[in-house]
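Observations on the three-dimensional arrangement
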Amino acid sequence: AVIMLYMALPHLAAENETSITEQIRQLKNLKILSSFCVTLFMFIGYSSVSTYLAPYLSTVWEMSVEKISFVLMLLGIASVAGAKIGGQLSDRFTPTKTLFICMFIQTAILVLVQIVPHIAFLAIILLCLWVLTVWICGPILGVNLVVLAPSAAGVMLSFNSSFVQFGFAGGAAIGGCILDRFSVAAVIPIGIIAAATAALIGIYSFKTPSKEFGKK
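My aim in this report is to walk through the structure given alongside it, one point at a time. By convention here, each chain's residues receive numbers from 1 onward along its written sequence. Given that this is a predicted model, residues contribute local features only at a pLDDT of at least 70 and side-chain atom pairs are listed and counted only at 80 or more, while totals for whole chains, interfaces and linings are drawn from all residues. Calculated side-chain values reflect all of the structure's heavy atoms, with hydrogen atoms and water omitted.

Turning next to the overall build of the protein chain. Put simply, DSSP marks the helices as runs of H or I at least four residues long and the strands as runs of E at least two long, and each gets a number from the N terminus on. Helix and strand content of the protein chain: 9 helices and 0 strands. Along the protein chain, from the amino end to the carboxyl end, the secondary structure elements read α-α-α-α-α-α-α-α-α. When the 216 residues of the protein chain are sorted by exposure, 41% land in the buried category. Of all intrachain contacts in the protein chain linking residues separated by at least 6 positions in sequence, the fraction that spans at least 24 positions is 85%. Surface accessibility in these figures is a Shrake-Rupley result with a 1.4 Å probe; residues are shielded only by whichever protein chains are displayed. Surface exposure of the protein chain reaches about 11900 Å², of which carbon and sulfur atoms provide 69%. A simple rule labels every residue: compare its accessible area, found with a 1.4 Å probe on the protein chains alone, to the largest value its type can have, and call it buried under 20%, exposed over 50%, or partly exposed in between. Residue contacts are defined here by distance: any two heavy atoms, one from each residue, within 4.5 Å place the two residues in contact.

Right, let's get into unusual backbone geometry. Glycine aside, residues mostly have negative phi, and peptide bonds are mostly found in the trans state. With phi around 55°, glutamate 62 is a residue other than glycine that occupies positive phi space. Mapped onto the elements of the fold, glutamate 62 is located in the loop between helix 4 (53–59) and helix 5 (65–92).

Note on method: axes are straight lines fitted to C-alpha atoms, helices fitted across the in-contact stretch only, with angles between N-to-C directions ranging 0 to 180 degrees. For the pair helix 3 (residues 30–50) and helix 7 (residues 120–148), interaxial distance at closest approach is 11 Å and the crossing angle is 165°. Classified by the angle between their axes, helix 3 and helix 7 sit roughly antiparallel to one another. Read as a crossing pair, helix 3 and helix 7 show a hand that is left-handed. Along the contact surface, helix 3 presents Lys31, Ile32, Ser35, Phe36, Val38, Thr39, Met42, Phe43, Gly45, Tyr46, Val49 and Ser50, while helix 7 presents Trp130, Val131, Val134, Trp135, Cys137, Leu141, Asn144, Leu145 and Leu148. The nonpolar class holds Ala, Val, Leu, Ile, Met, Phe, Trp, Tyr, Cys and Pro. Asp, Glu, Lys and Arg form the charged class, and all remaining residues, Gly among them, are polar. For the contact of helix 3 with helix 7, the residue count by class is 15 nonpolar, 5 polar and 1 charged. Any angle that is under 35 degrees is reported as roughly parallel, and any over 145 degrees as roughly antiparallel; angles of 65 to 115 degrees are reported as roughly perpendicular and all others as oblique. In this scheme, a crossing is called left-handed if the near helix is turned counterclockwise away from the far one by less than a right angle; it is called right-handed if the turn is clockwise.

Worth remembering: the numbers are spatial, not functional.
Below, the structure written as structure tokens:
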């Protein structure tokens, strides 16, 4: 497989690269750090709900195993579609505007899941929209980091991927701790809090001029 990739991929001329030290220094920019925090809390919220979604649907929405399997399949399709749409939107609109809209929608959808009547069809629609908007944000968060630090794009995107994984692990751990003390229904409020926190950090960081975040 490695040999085939080597033969198939085009050979590109080397570009002038910024030293690793200079790239790491970009982390002093608090706008970049706050963007990592947005990624972290967004995926904490996502993981805290998605990890325990099957027992939640079974217990709270009283879905059968067959319906839960169907819902999980649809959510997988929604995640792939979200990543695709996110890439297209990042080419057409400014990253911050799209992120604002998607983070607001994520929070609003989880609030609706918490308060609306337990109707299976409605739950499927809401959850698919929620997953779609979360994964739309994935590519756009990456584009935002490239805009903030174009000379250190590779390092910033690597750190961002790490924060995605931290979010997954943290969300699953927080959800597990909550389930030890409360019912499975409590994962939705955790998701709401995490999504709202990501949105608030995003509003503060994206709206604040760069010079107020340590850039000279």
